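# Observations on the model geometry
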Amino acid sequence: MAAISPSATVSTDAKAKALRAAGEPVIGFGAGEPDFPTPAHIVEAAVRACRDRRDHRYSPTPGLPELREAVAVKTRRDSGLEVTPQQVIVTAGGKHAVYNALLTLLDPGDEAILPAPYWPSYPEPVALVGARTVVVQTDVTSGFRVTLEQLEAARTPRTKLLIFCSPSNPTGSVYPPAEVEAIGDWAASHGIWVLTDEIYEHLTYDDHRHVSLPVVAPAAAERCVIINGVAKTFAMTGWRIGWIIAPQPVATAAAALQSHQTSNVCNIAQRAALAAVSGPLDAVVEMRSHFDRRRRTMHGLLSQIPGVACPVPQGAFYAFPSLAGVLERSVAGRKLGSSLELADLLLSEAKVAVVAGEAFGAPGYARLSFALADDDLAEGVGRIVDFLS
């Protein structure tokens, strides 16, 4: 357990909530969580499930058969990938899916390539199993996208797996289809597994779009594991439903692991997820339009700050500005040495919670979620502008 660290994003959100509970006017940009309620038809499905005696009992460890079937249908609809229900393992959220997939695939001494900036929960299961994370750094100048040359330079005889995420948390970058295809073909040519996180598949803006790696690079499909869930698309973070889609041997092994961890995932939440993935995407389209407006507002405000370089987010609901220019000068009479110190100062002085780039393997940056109410977003970013300007 000493090999892993607490989640920085969860910690930042907890600090903000604790300060608000104590009466402080804190605005939190830390949590990756839509501020919208779960759509009503999904909630009603859960209410019905509560009254159904079938859902008061154990159910199959890999998930309700009808939910696994619905996820397979939804995957074909949304990404064009043909999978069987038996390849789908329902988990207690996306983190559980990542954890079980990595523990299924990795052995002690293996290496997993991870482009940075990265979601903080990727490297921890790698460390827990005794494998090694090989970080490949990207930055704002490359659009936070890793190149084939960087991947090849990081590859060794111990390389077992690549962790890939597009649209990206924390950067909001989206890989073009041709780059996704090239990365998938590279992995396939070297027999490398790919863990591809598609949790933000429906949240892209302008002309950017998500493509599924095993669809555009079919040669990689036999060594590809997909992570997805209902949390971001349907504003269901608290319901804790995610899933793994994997080649059958991996799915079978992950289900065996889960049978000793959790048995089945909560039946009520599974029934709600069934309504989500089987129903229309109208609410998703509406939420995306709000996120689109908010990302433009946040980008415009952050870009006003001297020393801040903020790329326009292409997907997800995060801005990931470089604070290097701010760290070169004094802030509130202090010379700061890191974005971590700056984040602490913003929380204590401006009452704004952001997650420092150190949490994502990217010192000098910060992640700000724009999945919060418009008034709070304008007020919070306005405080940052005033404080840093």
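The following paragraphs examine the structure supplied in this document. Only a predicted model underlies this, so the values are computations on that prediction, with no experimental measurement involved. Per chain, residues are indexed from 1 in the order of the written sequence. Whole-chain, interface and lining totals are the exception, using all residues; otherwise, since this is a predicted model, local features are given only for residues with pLDDT of at least 70 and side-chain atom pairs are given and counted only at 80 or more. Processing note: side-chain calculations cover all non-hydrogen atoms of the structure and skip hydrogens and water entirely.

Now for the overall build of the protein chain. Put simply, DSSP H or I for four residues or longer makes a helix, DSSP E for two residues or longer makes a strand, and each gets a number counted from the N terminus. Each helix and strand in the protein chain was counted, giving 14 helices and 14 strands. All radius of gyration figures rest on C-alpha atoms, and the globule criterion is 2.2 Å times the number of residues raised to 0.38. In terms of C-alpha radius of gyration, the protein chain reaches 21 Å, essentially the compact-globule figure of 21 Å for 389 residues. When its C-alpha atoms are laid out on the principal axes, the protein chain stretches across 60 × 55 × 45 Å. The burial tally for the protein chain puts 56% of its 389 residues in the buried class. Of the roughly 15,600 Å² that the protein chain leaves accessible, carbon and sulfur atoms contribute 55%. Here the protein chain contributes 34 positively and 40 negatively charged side chains, and the mean placements of these two sets differ by 5 Å. Exposure categories follow from relative accessible area, calculated using a 1.4 Å probe and restricted to protein chains: below 20% of the type maximum is buried, above 50% is exposed, and the middle band is partly exposed. Methods summary: accessible areas were calculated by the Shrake-Rupley approach with a probe of 1.4 Å, and residue burial reflects only the protein chains presented. Only four residue types enter the charge count, namely Lys and Arg as positive and Asp and Glu as negative; His and the chain termini do not. Think of each charge as sitting on NZ of Lys, CZ of Arg, CG of Asp or CD of Glu.

On to the sheet that holds strand 2 (residues 88-91). When DSSP locates at least two bridges between a pair of strands, those strands are taken to pair. Reading across from one edge, 2-8-7-6-5-3-4 is the order of the 7 strands in this open sheet, with mixed pairing throughout. Looking at strand neighbours, the two that pair on one side only are strand 2 and strand 4 (132-137), the edges of this open sheet. Here the strands of the sheet are splayed against their neighbours by 20 degrees on average, with no regard to which way each runs. Bridging between strand 7 (residues 224-229) and strand 8 (residues 242-245) involves 4 bridges; their strand directions are antiparallel. Bridged to Ile 226 within strand 8 is Ile 245. We call two residues in contact when some of their heavy atoms are within 4.5 Å. Only C-alpha atoms enter the line fits that serve as axes; for helices the fit covers just the stretch in contact. Angles between N-to-C directions range over 0 to 180 degrees. Packed on one face of the sheet, helix 3 (residues 65-79) meets strand 2, strand 7 and strand 8 and runs near 115 degrees to strand 2. Packing against the sheet, helix 9 (residues 248-261) makes contact with strand 2, strand 6 (193-197), strand 7 and strand 8, and its axis sits at approximately 30 degrees to strand 2.

What follows covers the packing of aromatic side chains. Stacked, tilted and edge-to-face are the three classes assigned to paired rings of Phe, Tyr and Trp, where Trp is represented by its six-membered ring and a pair needs centres within 6.5 Å; plane angles under 30 degrees give stacked, over 60 edge-to-face, the rest tilted. As enumerated under the stated definition, the model contains 12 aromatic pairs in all. Ring centres 4.8 Å apart and planes at 55 degrees place the aromatic pair Phe 164 and Tyr 175 in the tilted group. One end of the pair, Phe 164, is in strand 5 (residues 159-165); the other, Tyr 175, is in the loop between strand 5 and helix 7 (177-189), and 11 residues separate them in sequence. Here Phe 164 matches Tyr 175 in class, with each residue buried. Judged by centre distance (5.8 Å) and plane angle (80 degrees), the ring pair of Tyr 200 and Tyr 318 falls under edge-to-face. Of this pair, Tyr 200 sits in the loop between strand 6 and helix 8 (213-216) while Tyr 318 sits in strand 9 (residues 318-319), placing them 118 residues apart in sequence. Residue classification places Tyr 200 among the buried positions, given a relative accessible area of 2%. Its relative accessible area of 0% is what places Tyr 318 among the buried residues.

We now examine the packing of helix 11 (residues 282-302) against helix 14 (residues 374-388). Two elements in contact, helix 11 and helix 14, have axes separated by 10 Å at closest approach and are oriented at 15 degrees. Regarding the angle of helix 11 to helix 14, the classification is roughly parallel. Note on packing geometry: the crossing formed by helix 11 with helix 14 is right-handed. Residue-level inspection shows Arg 293, Arg 294, Thr 297, Met 298, Leu 301 and Leu 302 of helix 11 in contact with helix 14, the latter providing Asp 374, Leu 377, Ala 378, Val 381 and Val 385. Each residue is assigned to one class: nonpolar for Ala, Val, Leu, Ile, Met, Phe, Trp, Tyr, Cys and Pro, charged for Asp, Glu, Lys and Arg, and polar for all the others, Gly among them. Looking at side-chain class alone, the contact of helix 11 with helix 14 contains 7 nonpolar, 1 polar and 3 charged residues. Each angle gets one of four labels, with under 35 degrees taken as roughly parallel, over 145 as roughly antiparallel, 65 to 115 as roughly perpendicular, and the rest as oblique. Here a crossing is called left-handed whenever its near helix is offset anticlockwise from the far helix by less than a right angle, and right-handed whenever the offset is clockwise.

Turning our attention to helix 3. Residues lying three or four places apart along an α-helix face the same way, a consequence of the helix completing one turn every 3.6 residues. Taking 1.5 Å of rise per residue, the 15 residues of helix 3 would be expected to cover 21 Å, and the 21 Å separating its terminal C-alpha atoms lies within 8% of that figure. The set of residues buried in helix 3 consists of Leu 67, Arg 68, Ala 70, Val 71, Ala 72, Lys 74, Thr 75 and Ser 79. On its buried face, helix 3 sits against strand 2, helix 8, strand 7, strand 8 and helix 10 (267-278). Once helix 3 ends, the next one or two residues include Gly 80, with phi positive near 85 degrees. Here, expected helix span is obtained from the residue count minus one, scaled by 1.5 Å.

Let us look at the environment of Arg 334. Along the polypeptide, Arg 334 turns up in strand 11 (residues 334-335). For Arg 334, a relative accessible area of 41% puts it in the partly exposed group. Note: C-alpha distance between Arg 334 and Ser 212 (122 residues apart in sequence) is 46 Å. Beyond its immediate chain neighbours, meaning those up to four positions away, Arg 334 contacts Arg 329, Glu 341 and Leu 345.

The salt bridge criterion pairs a side-chain nitrogen of Lys or Arg with a carboxyl oxygen of Asp or Glu, the two atoms within 4 Å. For the structure shown, the criterion picks out 21 salt bridges. In this structure, Arg 294 and Asp 35 form a salt bridge, with 2.8 Å as the shortest nitrogen-oxygen distance. Separated by 259 residues along the polypeptide, Arg 294 in helix 11 and Asp 35 in the loop between strand 1 (27-28) and helix 2 (40-51) bring together distant segments of the chain. For Asp 35, a relative accessible area of 34% puts it in the partly exposed group. When salt bridges with common partners are traced through the structure, they connect Asp 35, Arg 293, Arg 294 and Asp 374 into a single cluster.

Turning to the sheet that holds strand 9, a few remarks are in order. The strand order across the open sheet built from 3 strands is 9-14-13, with neighbouring strands paired in antiparallel fashion. Lying at the two open borders of the sheet, with one neighbouring strand each, are strand 9 and strand 13 (355-356). Pairing analysis gives 2 bridges linking strand 9 to strand 14 (residues 366-369), with the strands arranged antiparallel. Within strand 14, the residue paired with Tyr 318 across the bridge is Ser 369.

Neither face of strand 14 is exposed, since Ala 366 and Leu 368 on one face and Arg 367 and Ser 369 on the opposite face are all buried. Where strand 13 lies against strand 14, 2 bridges are found, and the strand directions are antiparallel. Within strand 14, the residue paired with Val 355 across the bridge is Arg 367.

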